[in-house]
Structure formats: structure tokens, C-alpha cells
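As a plain string of letters, each chain reads:
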Amino acid sequence: PDPHGMYTLLAHLAVPDLADWCLVDALEQGNWVSRVAVACLDPTQQERAAALPQRMERRDDAPVGLLRVLRTGEPELVPAVTDSLLRAAAAEPAHPALLRTLQARSYMIIPLRARGNTLGAVTFVASGSGRRYGPDDLALAEDLCLRASLAIDNARLVGESRRAARAREDLLAVVSHDLKNPLGVVQLGSALLLRGPGARPGGEMVAKQATRIQDATDRMSRLISDLLDWGRLEAGGLPLELGEHSMTALVTEAMDAIRPLAEAKGLHLHTRSTEDDVRAKCDRTRVLQVLGNLLGNAVKFTPPGGDLEAGVSVLNGEVCIHVRDTGSGIDPEALPHIFDRYWQARDAASRGTGLGLAIAKGLVEAHGGHIHARSTKGEGSTFSFTLPLTGVSTAPHSSASRARLDA
Ligand code: ADP
């Protein structure tokens with residue numbers, strides 16, 4: 001939606017049914033008014049239309065005409081343009097000059113207003129047709145302008161929010177790049193401390209502090225990546241590198257990556273897939289990121305001794321990947337919000353950004369899939385997401401494993 005398209009549409013809607021000439025003016029930044037659309041009935045008048053002034057300064061003392069309508073927000077209806085009207089307008093010479101150029105016999109000027117602001121105004125002029133505007137025409141024109149105002153306002157808002165999203169993405173990109181470099185230096189420094197002085201006899205204190213520095217920098221670098229991904233997703237500019245990949249292999253890879261952390265916490269890992277090999281079209285790195293996020297949460301929210309399961313199945317022509325845990329579960333009131341950005345359970349002991357699941361959802365949806373969660377408080381949670389299926393090869397034992405999964 002582009003306000004300029006709306007202006008042009010509006011002008012062309014008015015001619016010829018409502019006017020011989022239709023001019024649309026929009027308020028710009030500062031004190032300027034720009035002519036954003038002109039339509040005229042008589043094609044031989046095009047030249048005259050092109051010669052009209054394109055821009056004028058707002059004035060607070062205009063007694064009649066466009067500038068008065070813009071100032072007051074009130075429409076102006078003139079059934080017949082008379083000499084006395086032209087004289088009255090002499091204080092603001094642009095108006096009578098315009099009326100003369102257009103050979104106006106009758107006119108109405110309606111403000112474009114939305115959310116209490118005047119956005120501009122539409123001038124309907126009757127010339128050659130000899131029509132005279134009355135209250136009925138005014139009502140009709142006001143109705144048209146009201147609808148147009150809403151559409152224009154919407155288009156402006158959409159444009160503004162897109163621009164804002166893009167500006168934020170640019171900022172995030174700069175910030176994250178500039179933060180990542182010094183962070184890399186700190187990470188390297190702490191690794192050197194850990195291996196050098198920290199590894200020598202009596203170096204426990206150094207090792208302990210270096211480990212803390214490393215943990216903190218790891219969290220910072222995850223945070224930066226999250227913010228960056230989120231900014232790109234919101235601006236709709238996260239590029240996917242699509243390829244055909246085995247989901248079974250991706251799940252195994254993600255499970256292997258989380259294994260040290262999970263086992264350190266005393267969790268039991270299980271991989272359960274109903275098919276031997278399921279292939280989907282996806283961005284490998286991004287799917288691993290989603291899986292890493294879901295598995296990371298599962299580890300974070302499952303107490304020692306619990307079970308963590310991940311697997312792939314095929315459902316209704318889609319690949320379905322699930323991550324199940326026997327952890328704390330999620331409150332029923334909280335469940336509908338967990339994919340919202342920045343959302344975290346109030347009692348969450350997590351030190352995340354609350355962006356993890358929002359990003360996971362964005363990534364899955366960018367692939368044309370969907371993600372959802374089921375959970376019973378105190379018993380555990382299951383997150384599953386879908387991806388477009390490209391191929392399946394069924395394992396001989398698949399019915400057995402399916403039975404196990406259903407149990
Ligand atoms: P964060 O990065 O802060 O963990 P997420 O978006 O990944 O943010 O998760 C949002 C919230 O959802 C978490 O703070 C937690 O309350 C809840 N949550 C996510 N996964 C699980 C899970 N497997 N078990 C219980 N709660 C979870």
C-alpha cells in the first residue's frame with residue numbers, strides 16, 4: 001500500500017462522476033502542502049493541469065479555499081463561484097488564480113482526516129459541465145474522502161512501520177557487528193587465560209574467573225545473534241539457504257550437540273523417528289537452530305533424571321519434528337504466549353532473552369511450516385514443528401516405533 005497510489009485513485013474516482021477537475025493535496029513535513037494528484041475530464045486540459053503549482057506554503061490566515069480547509073479541518077462548499085468570492089479571496093491570491101485556471105463555476109474542498117489529524121484535502125471542481133454542487137454532493141464527497149482517508153492513513157502507517165523495522169534492522173546489524181568483534185577478543189583472551197595461567201598449578205582462581213568470563217561472553221554472543229535474527233525476521237529479510245536434507249540426520253545431529261549438556265544434567269536422551277529417512281526442503285543451519293532452541297529449553301526446564309526425546313514423523317503430507325521433555329511443563333495460561341517475543345514465564349529461572357521461541361516460530365514459518373506446543377504442568381512439554389516434505393523412505397520397523405510413540 002502506497003499513499004500515492006491512493007491519491008491518484010481518489011482523483012480518478014471523482015472524475016467524471018463527481019467533478020470535472022479533482023485535485024488532491026497532501027500536508028507534508030513542516031509547513032508545506034504538495035499537490036499529489038490531479039485528474040481532469042477534458043484531455044485537452046492536461047497541459048493546464050501540468051502547469052498548476054505543485055507545492056505551496058501553509059498559511060494561517062487564508063479566508064477561503066484549500067489553505068482554510070487545511071487549517072480548520074472543515075469542508076468548503078461553494079455552489080457558485082462569484083466575483084465577490086474571488087474578491088474575498090484576494091488576500092490569498094493563489095486561490096482565485098487556481099479557480100480562474102480551472103474555470104471553476106462551483107467547487108467543494110473536503111479535508112482528508114484520520115485519527116484527529118488532517119492529512120490533506122481534495123478539491124472537486126465543476127467547470128465545463130456547468131454542474132452546481134449542493135449539500136447532497138457534499139455528503140457524497142465527504143463519504144468518499146472519509147474512506148480514502150482511512151486507506152491513506154493505513155498506507156502511511158504500514159510504510160512507517162516498514163521503514164522503522166528496516167531502520168532497526170540496520171541499527172542491529174551495525175551494533176551486533178561492532179559488538180561481536182570486541183566480544184571475540186574477550187572470548188579469545190579468556191580461552192588463553194584458561195589454557196595458560198589457569199592450567200598451571202595454583203591457577204584455580206584464574207581458571208574459575210576465566211570460565212565465568214567465557215560463560216558470560218557466550219550468553220552475550222547468543223543474545224546478539226538472537227537480536228539480529230529477530231530484527232531480520234521482523235523486517236521480512238531473513239534469507240534462507242534452501243536445500244533438500246534428511247530430517248532424521250538433522251535431529252540426530254542436534255541431539256548429539258546437546259548430549260554433553262543434557263548428560264551433565266543427568267537427563268536421558270532418546271531419538272524416535274517413525275520413518276528411516278525423511279527429507280525436507282529447508283535451510284539446514286536454521287532448522288538446527290530451531291532444534292537447538294527447543295532442545296536447549298527442554299534441558300533447561302527438565303530436572304535431573306528426566307527424559308528428553310526428539311523424532312521425525314510424517315503427518316498429512318508434512319514432516320513433523322517433535323521435541324518432548326518430562327520437565328516442569330508450562331502453565332495453561334502461559335501456553336498461548338510462549339511464542340510471543342520477549343515472553344518468559346514469571347518464575348522462569350532462564351537467563352534467555354525470551355526471543356528464542358519467537359525466533360523459532362519465525363524461522364519455521366519462513367519455511368512455510370508451523371510450530372506448536374502442548375504441555376501439562378508438572379509432567380512435561382512437547383514442541384512440534386512442520387516442514388514441507390520432499391521424500392520419505394520407510395523403515396521396516398516403522399510400525400513398531402510408531403506404536404512405541406503412541407504408547
Ligand atoms: P528464553 O530464551 O528466555 O528461554 P524462549 O522463547 O525460548 O525464551 O522461551 C520462553 C519461555 O517459555 C521460557 O522462559 C519458559 O518459561 C517457557 N518454556 C519454553 N520451553 C519450555 C519447556 N520445554 N518446558 C517448560 N517451559 C518452557
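Structure shown above.
Residues numbered from 1 in each chain as written. Predicted model: local features only at pLDDT ≥ 70, side-chain atom pairs only at ≥ 80, totals over all residues. Heavy atoms only, no water.

## Details of the overall build of the protein chain
Helix and strand counts for the protein chain come out as 11 helices and 13 strands. In terms of overall dimensions, the protein chain is more spread out than a globule: its C-alpha atoms have a radius of gyration of 33 Å, far above the 22 Å expected for 407 residues. Taken along the three principal axes of its C-alpha coordinates, the protein chain extends 100 × 55 × 40 Å. Across the 407 residues of the protein chain, 43% fall into the buried class. Looking at the protein chain alone, contacts between residues at least 24 apart form 70% of all its contacts between residues at least 6 apart. Summed over its atoms, the accessible surface of the protein chain is roughly 21,200 Å², and 54% of this surface lies on carbon and sulfur atoms. For the protein chain, the centre of its 45 positive side-chain charges and the centre of its 49 negative side-chain charges are spaced 4 Å apart. (Helix = DSSP H or I, 4+ residues; strand = E, 2+ residues; numbered from the N terminus. Rg over C-alpha atoms; globule rule 2.2 N^0.38 Å. Buried < 20%, exposed > 50% of the residue type's maximum accessible area, 1.4 Å probe, protein only. Contact = heavy atoms within 4.5 Å. Areas by Shrake-Rupley, 256 points an atom, 1.4 Å probe, with all protein chains shown as cover. Lys, Arg positive; Asp, Glu negative; His and termini not counted. Charge placed at Lys NZ, Arg CZ, Asp CG, Glu CD.)

## A look at the packing of aromatic side chains
All chains considered together, the criterion is met by 1 aromatic pair. Just above the ring of Trp-32 sits the side chain of Arg-55; from NZ or CZ to the centre is 4.2 Å. (Phe/Tyr/Trp six-rings, centres within 6.5 Å; stacked < 30°, edge-to-face > 60°. Lys NZ or Arg CZ within 6 Å of the ring centre and 35° of its normal.)

## So, the pattern of salt bridges
This structure, assessed with the given rule, holds 16 salt bridges. Close ionic contact of Asp-143 with Arg-147 constitutes a salt bridge, the shortest N to O distance being 3.3 Å. You can see Asp-143 and its partner Arg-147 sitting in helix 6 (residues 135–195), 4 residues apart, about one turn around the helix. Among the salt bridges present, the one from Glu-309 reaches Arg-272, with a minimum N-O distance of 3.1 Å. Of the two residues, Glu-309 sits in strand 10 (residues 307–315) while Arg-272 sits in the loop between strand 8 (268–271) and strand 9 (277–282), which places them 37 residues apart along the sequence. (Salt bridge = Lys/Arg side-chain N within 4 Å of Asp/Glu carboxyl O.)

## What about the environment of Arg-324?
For Arg-324, the location among the structural elements is in strand 11 (residues 318–325). For Arg-324, a relative accessible area of 26% corresponds to the partly exposed category. Remark: the alpha-carbon pair of Arg-324 and Asn-154, spanning 170 residues in sequence, is separated by 43 Å. In terms of polar contacts, Arg-324 uses its side chain to reach the side chain of Thr-382, at 3.3 Å. (Polar contact = N/O pair within 3.5 Å; in protein donor to acceptor, adjacent residues only side chain to side chain.)

## Concerning unusual backbone geometry
Residue Pro-16 is bonded to the preceding Val-15 through a cis peptide linkage, with omega at 10°. Backbone geometry at Arg-115 places phi at a positive 50°, although glycine is not the residue there. Here Arg-115 is to be found in the loop between strand 5 (106–114) and strand 6 (117–126). Phi is positive for Asn-316, which is not a glycine, with a value near 50°. Here Asn-316 shows up in the loop between strand 10 and strand 11.

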